[in-house]
Structures are given as structure tokens and as C-alpha cells.
Amino acid sequence: MNEIGKNIRFLRQQRNWSQDQLAESLHVTRQTVSNYETGRSRPDVEMLTTLAAALDADVKEILYAPADREAHIRRLRRLAVSAVVTALLGILEAAGRAWGQQLMQESYIVSVSYLVVFLVHPLFYLLLGWTLARGCLVLLRADPPTRRWAVWVRWVLLAVIAAWLVVMAPFFFYQADLAHLELSALYSHEPLTLSSSFMLNVVQGAILRHPQALGWGSLLLGGLLGLLGLPSLRSIRALKKKTAEKADSPE
């Protein structure tokens, strides 16, 4: 099916018309409409104008992809990328959990499991929430809101994630260093020598005591970010412009 045929079919379906209804509006047979949509034949210039009037569209929307269709294709592409990344991270988490359990049972090495449970697992849930929310937007053919409150909520959610990373970063670095030392000692059959120790603070201890809450919280944050979208430079400039225009406008 050529692009013109796809566009005619899309615009017809947007109006919830059957091929028979469009054919009646064009004063042609249903087979003629079917031939247009499947690419067996192409409408001439006069028929393009008639089609545009019947479908309440512009001729350019028939020759090229309609704006809504282009936006929907972009949503599908982003959803596909998000789904692939989420699936890869899920595979990494599953493999890491299995390896960590094996190391715990055979060599009493727990650092790998800690990294998987408290770093990879919440990141996977964050991406999973994002992907599920994006899937909902694709089904609804909707884009994230661009209102002022949505922009500020996005920044608050990102600030929460950044704060969690800052608080947990020392713990992650220590566990990564410990995992390197433990695995090097395990595979080289040399005694383990620790170069430093680590003391948990109150916040880190609270997070480590509730791994399930961390996972579900990450899922919720990812879902909210997926629905609201990430702040872009364009949205920030638009918000600044709107704020400046509002400030300059006379009361």
C-alpha cells in the first residue's frame, strides 16, 4: 500500500467511515476506494480535491502523512525503544539476581545481590512504569500535558530521583568496589583484603530495610514521568516565554 493509500485510509477511519460511505460521498464504487487505499490505482488531481473535501482534510494531508498520524508514529517509535530498553534491563536484572544468589550460596558474596536489588531492580521498575504509561498514551493517541503545573511536577519527580541517587551513591560505589575485590579474590584464589569500610546513614538504612517499597515507588515514579513526559528545552523556553508575556501584559 502506497503512502497516499495509507493516508486516505487513515483519514477515512478518523471519521469512522466505511469504504462504502466514502464511495457514496465521492460518487464512485467501493472498489474504487479500495483500489485507492491498496495502491492499485491513484486518484487524479480532481479526485484528490474531492477526497480532501469529503474527508474534511487538506490535499497535503492526503499526499503526505496527516499531522496526527505522524505524531502517532512518533509515539509508537518511542514506545518501541522504551519497551526494548526495559526488556533488556529486565533480562539483566534476572541474570544478575540468579548470579547473585549463586554467589551468596557458594561463596557468601552478597555485594552483587545488593547492587542488583537496590540499583538495577528500581531502575527496571522505573523504566517499566514509564513504558506502561507511554503505552496508555499511545492507546489514547494523546501527548503529555504541557500546562504549567505539569512542568513543575516533572521537575519535582526528577528531583526526587536525583536525591535518591545522591543519597545512595556512596553505598553503590562501596558495593561496586567490594564486588570487584570479592570477585577478584574468588577467581584468583587469593585472600580478600578490604581497603575501606562503610557505615550506613539513617536514610540509606531505611531504604535498605524496604526493598519492596523501593521497587513499587520506582514503578509509580516511572509511571508519573511517563504520563507527564520529560522536560525538554522547548517546553522550558515555552514556559519562560509564556511567563514573560504574562508579566509584560497590562492588568
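Definitions and cut-offs
Residues numbered from 1 in each chain as written. Predicted model: local features only at pLDDT ≥ 70, side-chain atom pairs only at ≥ 80, totals over all residues. Heavy atoms only, no water. Helix = DSSP H or I, 4+ residues; strand = E, 2+ residues; numbered from the N terminus. Buried < 20%, exposed > 50% of the residue type's maximum accessible area, 1.4 Å probe, protein only. Contact = heavy atoms within 4.5 Å. Areas by Shrake-Rupley, 256 points an atom, 1.4 Å probe, with all protein chains shown as cover. Phe/Tyr/Trp six-rings, centres within 6.5 Å; stacked < 30°, edge-to-face > 60°. Core = buried A, V, L, I, M, F, W, Y, C linked by side-chain atoms within 4.5 Å. Axes fitted to C-alpha atoms, helices over the stretch in contact; angles between N-to-C directions. Parallel < 35°, antiparallel > 145°, perpendicular 65-115°, else oblique. Nonpolar A, V, L, I, M, F, W, Y, C, P; charged D, E, K, R; others polar. Salt bridge = Lys/Arg side-chain N within 4 Å of Asp/Glu carboxyl O. Arc of directions from axis to C-beta. Expected span 1.5 Å × (residues − 1).

Asker: Quick question: what am I supposed to make of the overall build of the protein here?
Answerer: Across its full length, the protein carries 11 helices and zero strands. Across the protein, helices and strands are ordered from the amino to the carboxyl terminus as α-α-α-α-α-α-α-α-α-α-α. When burial is assessed residue by residue, the protein has 38% of its 251 residues classed as buried. Here the analysis covers contacts within the protein between residues at least 6 apart in sequence; of these, 73% occur between residues at least 24 apart. Total accessible area on the protein is roughly 15800 Å²; 63% of this is exposed by carbon and sulfur atoms.

Asker: When you look at the packing of aromatic side chains in this model, what are you seeing that I'm missing?
Answerer: What describes a pair of aromatic rings is the distance from one ring centre to the other and the angle between the planes of the rings. Tallied over the full model, the rule gives seven aromatic pairs. For the ring pair Tyr114 and Phe118, a centre distance of 6.1 Å and an interplane angle of 40 degrees mean the geometry is tilted. Here Tyr114 pairs with Phe118, and both are found in helix 7 (residues 111-140), just four residues apart, close to one helical turn. By relative accessible area, Phe118 is classed as buried at 5%. Through a chain of ring-to-ring contacts, three or more aromatic side chains come together here, namely Tyr114, Phe118, Trp164, Phe171 and Phe172.

Asker: What should I look at first to understand the environment of Val112 in this one?
Answerer: Here Val112 lies in helix 7. When the C-alpha positions of Val112 and Ala179 are compared, they lie 6.0 Å apart, and in sequence the two are 67 residues distant. If near-sequence neighbours (up to four positions away) are discounted, Val112 is found in contact with Gly96, Trp99, Gly100, Leu103, Ala179 and Leu183.

Asker: Looking at this model, I keep getting lost on the nonpolar core. Mind explaining?
Answerer: When a protein is soluble and globular, its nonpolar side chains tend to lie buried together. The biggest cluster of nonpolar side chains holds 17 residues, and the ones touching the most others in it are Ile8, Leu11, Leu22, Leu26, Leu51, Leu55 and Ile62. Sequence-distant contacts of Leu55, that is, excluding residues within four places in its chain, are made with Ile8, Leu11, Arg12, Arg15, Trp17 and Leu22. Counting 15 residues, the second-largest nonpolar core is a separate cluster that includes Leu103, Val112, Leu115 and Leu214.

Asker: Help me out: how do you make sense of the packing of helix 2 (residues 19-26) against helix 3 (residues 30-38) in this one?
Answerer: At their nearest, the axes of helix 2 and helix 3 sit 8 Å apart, and the two run at 110 degrees to each other. Judged on the interaxial angle alone, helix 3 and helix 2 are roughly perpendicular. Of the residues in helix 3, those touching helix 2 at Gln19, Asp20, Leu22, Ala23 and Leu26 are Arg30, Val33, Ser34 and Glu37. Residues of the contact of helix 2 with helix 3, tallied by class, amount to four nonpolar, two polar and three charged.

Asker: Any chance you could explain the side chain of Ser34 here in plain terms?
Answerer: Within the secondary structure, Ser34 is located in helix 3. Exposure remark for Ser34: the relative accessible area of 12% places this residue in the buried category. Ignoring sequence-local partners within four residues, the contact set of Ser34 consists of Gln19 and Arg40.

Asker: Is there a simple way to think about the pattern of salt bridges in this case?
Answerer: A side chain of one charge can pair with a side chain of the opposite charge when the charged atoms of the two come close. Scanning all chains against the criterion turns up two salt bridges. Note that Arg12 is salt-bridged to Glu37, the shortest N-O span being 2.6 Å. With Arg12 in helix 1 (residues 3-14) and Glu37 in helix 3, the pair connects residues that are 25 residues apart, well separated along the chain. Each member of the pair Arg12 and Glu37 is classed as buried.

Asker: Hey, could you run me through helix 2 in this one?
Answerer: An α-helical turn contains 3.6 residues, so a residue and the one three or four places further along point in the same direction. If you check which residues of helix 2 are buried, you get Gln19, Leu22, Ala23 and Leu26. Buried positions in helix 2, seen along its axis, are confined to an arc of 100 degrees and lie on one side of it. If you follow the buried residues of helix 2, they end up packed against helix 1, helix 3 and helix 4 (45-54). Downstream of helix 2 by a residue or two, His27 has a phi angle that is positive, lying close to 65 degrees.

Asker: For this particular structure, what's the right way to read helix 10 (residues 211-228)?
Answerer: Taking 1.5 Å as the rise per residue, helix 10 with 18 residues should run 26 Å; its terminal C-alpha atoms sit 26 Å apart, in good agreement. Within the sequence span of helix 10, burial applies to Leu214, Gly215, Ser218, Leu219, Leu221, Gly222, Gly223, Leu225, Gly226 and Leu228. Tucked inside the fold, the buried residues of helix 10 contact helix 7, helix 8 (148-188) and helix 9 (202-208). Count one or two residues on from helix 10 and you reach Gly229, which has phi positive near 85 degrees.

From the geometry alone we can't say anything about function, so treat these as descriptive.
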